[in-house]
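# Observations on chain architecture
One-letter residues, chain by chain:
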Amino acid sequence: MVGEQFHLMLLVAAQTQTPGMFIWDTVVFDTPPFLPVDYYASLRYCLGSYLFCFCFEAIGSLVKLQFLDLSDNALELVCPEIGRLRSLRHLRLANNQLKYLPAEVGDLRELQTLDISTNHLMTLPERLHMCLSLQYLTADRNHLWCIPRHLCQLPNLNELSMAGNRLAFLPLDLGRSRELQYVYVDNNIYLKGLPSYLYNKVIGCSGCGSPAQKSEVTLLSFSSGQLTVFLPAEVKSIGTHLDPVLPLQEMAMRMLHNTYCRFLKDLQLLTPISLPRSLSELLCCPLGHCHRCSQPMFTIVYPKLFPLRETPMAGLHQGRTSVSFVAYCCSAQCLQTFELLS
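What comes next concerns the included structure. (Residues numbered from 1 in each chain as written. Predicted model: local features only at pLDDT ≥ 70, side-chain atom pairs only at ≥ 80, totals over all residues. Heavy atoms only, no water.)

Moving on: the overall build of the protein chain. Within the protein chain, the regular secondary structure consists of five helices and 20 strands. Here the protein chain holds 342 residues, and 49% of them are scored as buried. A fraction of 44% describes how many contacts in the protein chain between residues 6 or more apart in sequence connect residues 24 or more apart. In the form shown here, the protein chain has an accessible surface area of approximately 17200 Å², with 54% of it arising from carbon and sulfur atoms. (Helix = DSSP H or I, 4+ residues; strand = E, 2+ residues; numbered from the N terminus. Buried < 20%, exposed > 50% of the residue type's maximum accessible area, 1.4 Å probe, protein only. Contact = heavy atoms within 4.5 Å. Areas by Shrake-Rupley, 256 points an atom, 1.4 Å probe, with all protein chains shown as cover.)

Dropping the structure here:
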């Protein structure tokens, strides 16, 4: 591979001996002609300078790169070409100034660790759930207001940390996977409800459940006594034990899901003409599954609250939180028969 070159262009600010002063320059790295390009592709890159933009001209050459650490910089942008690092297993982007990540992050099928903590992210990459090897996801201290429900489909996710964000609710299915054992959502002041699937997991929820101003959180909520929890934005209606009959749309969605997912196993048969895109996406990834019988739910939930302070876990948190476990059921019957400690 003599003559083939890899160009990595970085905008670097190197600190001088004078406090507060930096030398700005553009650095270009070329592979020497006497070394194969894939030698450099196998290197472990840890870049600790003050980067503002990380761009690749020939990123496809890094076919063996497994570890990339760009933490503690001033990154404002990660180029979409990062999705071409198909062997990448560990990506660390902590302590930067990122406002979004490209959807191409979802192309990293071998990725096991993703650390995007201490940035300015308001949303997660829309295809992140396609990182099927992901085991550890850390997104502490951002501006995230929700966790995409698609992340509950990650088969190998073991630890999820979203502390210090703006979360007001969690996906209904969070914790349903047996692989997910550690969930940390501390210091999300608007968060008042934890899915009951998390009851037997290791959870961190200190600093959650503080009173929120009505103008700050405009979501559908459910109250029981003096307790109130916010529900995911996709929830259209709330059922109670007095509502034994499901809405027509919910009944139709469950029938379609049963037909196309359990028998035909092919949702491609549903064209956009026959079903709106929003409903088609719900069929692929339901709102959640009943915490009592695992029935998929699409538009309506029957919630039941269990204050954490009234469970055996109360002693572990010692009054540092005021959240409740929420059982999301599919019907009035499941609502009445669900017990958290059973």
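Once the structure has been displayed, the description carries forward.
Among the nonpolar cores identified, the biggest contains 74 residues, and Met162 and Leu194 are the most heavily contacted of them. The set of elements that each furnish at least two residues to this core consists of β15 (227-230), β19 (300-307), β20 (324-329) and α5 (332-337). Look past the residues within four positions of methionine 162 in its chain and what remains in contact with it is Leu124, Leu137, Ala139, Asp140, Leu144, Ile147, Leu167, Tyr184, Val185 and Asn188. In terms of nonpolar packing, the next biggest core, distinct from the first, is built from six residues, Leu275, Leu279, Leu282 and Phe298 among them. (Core = buried A, V, L, I, M, F, W, Y, C linked by side-chain atoms within 4.5 Å.)

As for its position among the elements, leucine 98 is in the loop between β7 (90-92) and β8 (113-115). We classify leucine 98 as buried; its relative accessible area is 0%. Separated by 24 residues in sequence, leucine 98 and methionine 122 place their C-alpha atoms 9.6 Å apart. When neighbours within four sequence positions are excluded, leucine 98 is seen to be in contact with Leu75, Glu76, Leu77, Val78, Leu93, Asn119, His120 and Leu121.

Bringing the pattern of salt bridges into the picture now. For the structure shown, the criterion picks out four salt bridges. Where glutamate 234 meets arginine 149, a salt bridge forms, and the shortest distance between an N and an O atom there is 3.3 Å. Here the residue glutamate 234 occupies a position in the loop between β15 and β16 (237-238), and arginine 149 occupies one in the loop between β9 (136-138) and β10 (159-161), the gap between them amounting to 85 residues. Accessibility expressed as a relative area gives 30% for glutamate 234, which makes it partly exposed. (Salt bridge = Lys/Arg side-chain N within 4 Å of Asp/Glu carboxyl O.)

By the burial criterion, the buried members of helix α3 (residues 277-284) are Leu279, Leu282 and Leu283. Down the axis of α3, the buried side of the element spans an arc of 100°, and every buried residue falls inside it. (Arc of directions from axis to C-beta.)

So, on to unusual backbone geometry. Excluding glycine, residues mostly carry a negative phi; peptide bonds, for their part, are mostly trans. If you check the backbone angles, aspartate 72 has positive phi at about 60° while not being a glycine. Locating aspartate 72 in the fold gives a position in the loop between β5 (67-69) and β6 (77-78).

The next thing to look at is the pairing of strand β14 (residues 221-224). Where β14 lies against β15, four bridges are found, and the strand directions are antiparallel. Residue pairing in the sheet places serine 223 in a bridge with threonine 228 of β15. The antiparallel pairing of β14 with β15 creates a hairpin that spans two residues between the two strands, and glycine 225 there sits at a positive phi of about 65°. (Pairing = 2+ DSSP bridges.)

Inspection of the entire model under this criterion finds three aromatic pairs. With a centroid separation of 5.9 Å and an interplanar angle of 75°, the aromatic rings of tryptophan 145 and phenylalanine 169 are classed as edge-to-face. Here the residue tryptophan 145 occupies a position in the loop between β9 and β10, and phenylalanine 169 occupies one in the loop between β10 and β11 (182-184), the gap between them amounting to 24 residues. Where tyrosine 199 meets phenylalanine 325, the ring centres are 5.3 Å apart and the plane angle is 80°; that geometry is what we call edge-to-face. Note that tyrosine 199 is positioned in the loop between β12 (193-195) and β13 (202-204) and phenylalanine 325 in strand β20, a separation of 126 residues in sequence. Taking relative accessible area as the criterion, tyrosine 199 reaches 13% and is therefore assigned buried. (Phe/Tyr/Trp six-rings, centres within 6.5 Å; stacked < 30°, edge-to-face > 60°.)

Attention now moves to the sheet that holds β12. Reading across from one edge, β12-β20-β19-β16 is the order of the four strands in this open sheet, with mixed pairing throughout. Two strands close off the open sheet at either side, each with one partner strand: β12 and β16. Of the strand pairs in this sheet, β16 and β19 are connected by two bridges, and their pairing is parallel. The residue of β19 that forms the bridge with isoleucine 238 is valine 301.

On to the environment of leucine 256. Following the sequence through the fold, leucine 256 ends up in helix α2 (residues 248-264). Sequence separation between leucine 256 and leucine 283 is 27 residues; the distance between their C-alpha atoms is 7.8 Å.

What follows covers the side chain of threonine 299. Positionally, threonine 299 belongs in the loop between β18 (296-297) and β19. A distance of 2.6 Å separates polar atoms of two side chains, one belonging to threonine 299 and the other to glutamate 250. What threonine 299 contacts, discounting residues up to four positions off in sequence, is Val235, Lys236, Ser237, Gln249, Glu250 and Leu287. (Polar contact = N/O pair within 3.5 Å; in protein donor to acceptor, adjacent residues only side chain to side chain.)

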